[in-house]
Amino acid sequence: RVREEPTAMSRADDERPPKRRRVLSDAEDEPTRELQRDPLDIRGSLLELHQNMPSFSDVCVVVEGSKSSQEFACIGAVLASASRPLAAMLYGESSRMVTPSAGSSRPRLVLRGTEPWCFDLLLRYVHGLQVALDVDMALTLYHAADYYEVLPLRDGCCAFLLDAVDQANCISLLCRSQSVGCEPLETRCV
């Protein structure tokens with residue numbers, strides 16, 4: 001560790017002389033402080049990224065659902081930070097799935113088996129936006145969040161579904177919980 005000490009003025013003018021350095025011994029304790037960015041500031045940055053996605057995006061994710069497909073301008077690093085499978089598709093062992101796009105500077109990643117509206121909700125969640133749920137949406141979103149390993153979203157959908165179980169929907173939710181692999185919901189319904 002080094003502490004700088006000023007030397008005596010060698011000139012009569014206002015210029016400061018160069019500083020001398022001395023090495024601190026281990027016995028001298030300097031005050032330390034760790035700084036951390038405010039979580040609300042981080043969330044604000046994510047919201048800004050989401051609002052300006054066309055300007056900041058570096059990858060085009062094409063989501064091909066059963067009835068429709070949609071293109072999403074995305075920031076690969078944000079997706080990768082939220083989802084291990086998407087990280088592998090974008091940067092890892094599965095990155096061969098990302099193909100150059102004709103006429104565009106952004107590479108394309110094609111996802112099949114996820115509905116575009118569901119990927120849009122997942123993307124909104126990853127960027128710190130609130131996602132409004134009903135039971136049908138929560139089941140489908142649970143499945144997508146589980147598949148892409150966006151675990152806080154998966155767990156939030158599961159908690160919502162567990163709270164939604166009642167006598168009127170118990171049988172239906174039992175069947176649907178088995179189809180999306182939501183074991184806690186299946187256990188609650190049994």
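Look up: the structure comes first, before these words.
Below or above, wherever it landed, is the structure these notes cover. (Residues numbered from 1 in each chain as written. Predicted model: local features only at pLDDT ≥ 70, side-chain atom pairs only at ≥ 80, totals over all residues. Heavy atoms only, no water.)

1. Observations regarding the overall build of the protein chain
Looking only at helices and strands, one finds nine helices and six strands in the protein chain. Scored against the burial criterion, the 190 residues of the protein chain give a buried share of 33%. About 12500 Å² of surface is accessible on the protein chain, with carbon and sulfur atoms providing 50% of the total. (Helix = DSSP H or I, 4+ residues; strand = E, 2+ residues; numbered from the N terminus. Buried < 20%, exposed > 50% of the residue type's maximum accessible area, 1.4 Å probe, protein only. Areas by Shrake-Rupley, 256 points an atom, 1.4 Å probe, with all protein chains shown as cover.)

2. Considering the packing of helix α5 (residues 116-126) against helix α6 (residues 135-147)
Two elements in contact, α5 and α6, have axes whose closest approach is 10 Å; the angle formed by their N-to-C orientations is 70°. Considering their axes alone, α5 and α6 lie roughly perpendicular with respect to each other. Between α5 and α6, the residues in contact are Trp117, Cys118, Leu121 and Leu122 and Met137, Thr140, Leu141, Ala144 and Ala145, respectively. Taken together, the residues of the contact of α5 with α6 break down into eight nonpolar, one polar and no charged. (Axes fitted to C-alpha atoms, helices over the stretch in contact; angles between N-to-C directions. Parallel < 35°, antiparallel > 145°, perpendicular 65-115°, else oblique. Contact = heavy atoms within 4.5 Å. Nonpolar A, V, L, I, M, F, W, Y, C, P; charged D, E, K, R; others polar.)

3. Let's talk about α5
Taken together, the buried positions of α5 are occupied by Pro116, Cys118, Phe119, Leu121, Leu122, Leu123 and Val126. Directly after α5, the chain includes Gly128, whose backbone phi takes a positive value near 85°.

4. Some words on the pattern of salt bridges
Applying the stated criterion across every chain, the model contains seven salt bridges. The partner of Arg37 in a salt bridge is Asp41, and the shortest N-O contact between them spans 2.7 Å. Owing to a relative accessible area of 40%, Asp41 belongs among the partly exposed residues under this scheme. Between Arg154 and Asp146 there is a salt bridge, with the nearest N and O atoms lying 3.4 Å from each other. Overall, Asp146 belongs to the partly exposed group, its relative accessible area being 28%. Taken together, the shared-partner salt bridges in this structure form one network comprising Asp146, Arg154 and Asp155. (Salt bridge = Lys/Arg side-chain N within 4 Å of Asp/Glu carboxyl O.)

5. Quick word on the packing of aromatic side chains
In total, this model carries two aromatic pairs according to the counting rule given. A ring pair is formed by Tyr147 and Tyr148, whose centres lie 4.9 Å apart and whose planes are at 85°; its orientation type is edge-to-face. Taking the relative accessible area as the measure of exposure, Tyr148 reaches 1% and is therefore buried. (Phe/Tyr/Trp six-rings, centres within 6.5 Å; stacked < 30°, edge-to-face > 60°.)

6. Overview of the pairing of strand β4 (residues 69-74)
Note: strand β3 (residues 59-64) against β4, six bridges, orientation antiparallel. The residue bridging Glu64 from the neighbouring strand is Ser69, located in β4. In textbook terms, the turn of a hairpin is the stretch between consecutive antiparallel strands, and for β3 and β4 this stretch comprises four residues. (Pairing = 2+ DSSP bridges.)

7. Here's the deal with the environment of Arg124
Residue position: Arg124 is located in helix α5. Between the alpha carbons of Arg124 and His50 there is a distance of 7.5 Å; along the sequence they are 74 residues apart. In this structure Arg124 touches His50, Leu129 and Gln130, once residues within four positions along its chain are discounted.

8. Side note on the packing of α6 against helix α8 (residues 170-180)
Two elements in contact, α6 and α8, have axes whose closest approach is 9 Å; the angle formed by their N-to-C orientations is 20°. Compared by their axis directions, α6 and α8 come out roughly parallel. By crossing handedness, the relation of α6 to α8 is classed as right-handed. Touching Val135, Asp136, Leu139, Tyr142 and His143 of α6 are Leu173, Arg176 and Val180, all from α8. A breakdown of the residues in the contact of α6 with α8 according to their chemical character gives five nonpolar, one polar and two charged. (Left-handed = near helix turned anticlockwise from the far one by under 90°.)

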